[in-house]
Amino acid sequence: MKEVPIKDKLNLTIEEAAALSGISERVLRDRIAESNYDFILKNGTKTLIKRRKFEKYLESVDAI
């Protein structure tokens, strides 16, 4: 199976979102667990992050 580059993916795993943003996986998991952000996509027990909405969120905040 061909690997899709992160820049071409619509949805990211927490690990991919951490690599893309420079935010640790632990911080991302803590934030996701404590609140309901619009960039979170639940797929059964798997949590994915909507890349475009996550990028917009990061542009709008000054601190995490």
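Please read all numbers here as calculations on a predicted model, not as lab measurements. (Residues numbered from 1 in each chain as written. Predicted model: local features only at pLDDT ≥ 70, side-chain atom pairs only at ≥ 80, totals over all residues. Heavy atoms only, no water.)

**Q** Any details on the pairing of strand β3 (residues 46–50)? Residues and values, ideally.
**A** Here two bridges tie strand β1 (residues 11–12) to β3, and the two strands are oriented antiparallel to one another. Within the sheet, the bridge partner assigned to L12 lies in β3 and is I49. The antiparallel pairing of strand β2 (residues 40–43) with β3 creates a hairpin that spans two residues between the two strands, and G44 there sits at a positive phi of about 70°. (Pairing = 2+ DSSP bridges. Helix = DSSP H or I, 4+ residues; strand = E, 2+ residues; numbered from the N terminus.)

**Q** Please set out the environment of F54 residue by residue, giving values where relevant.
**A** Mapping F54 onto the fold places it in helix α3 (residues 51–60). Measuring from C-alpha to C-alpha, the distance between F54 and L12 comes to 9.6 Å, with 42 residues separating the pair along the chain. Beyond its immediate stretch of four places on either side in the chain, F54 contacts A17, S21, I23, L28, F39 and I49. (Contact = heavy atoms within 4.5 Å.)

**Q** Please set out the pattern of salt bridges residue by residue, giving values where relevant.
**A** For the structure shown, the criterion picks out six salt bridges. Here K7 ties to D8 by a salt bridge, and the two come within 3.3 Å at their closest N and O atoms. We classify D8 as partly exposed; its relative accessible area is 45%. The salt bridge involving E25 is made with R29; its shortest N-O contact spans 3.8 Å. One end of the pair is E25 and the other is R29, both in helix α2 (residues 25–34) and four residues apart, which spans about a single turn. With a relative accessible area of 39%, R29 lands in the partly exposed category. Through salt bridges with shared partners, one network takes in E15, E25 and R29. (Salt bridge = Lys/Arg side-chain N within 4 Å of Asp/Glu carboxyl O. Buried < 20%, exposed > 50% of the residue type's maximum accessible area, 1.4 Å probe, protein only.)

**Q** An account of the nonpolar core is requested, with residue identities and associated values reported.
**A** Soluble globular proteins tend to bury their nonpolar side chains together. Core analysis: the largest hydrophobic core is formed by twelve residues, namely L12, I14, A17, A18, I23, L28, I32, Y37, F39, I40, I49 and F54. Contributions of two or more residues to this core are made by α1 (14–21) and α2. Per-element tally for this core: the top contributor is α1, with three residues. Ignoring sequence-local partners within four residues, the contact set of I23 consists of A18, L28, F54, L58 and I64. (Core = buried A, V, L, I, M, F, W, Y, C linked by side-chain atoms within 4.5 Å.)

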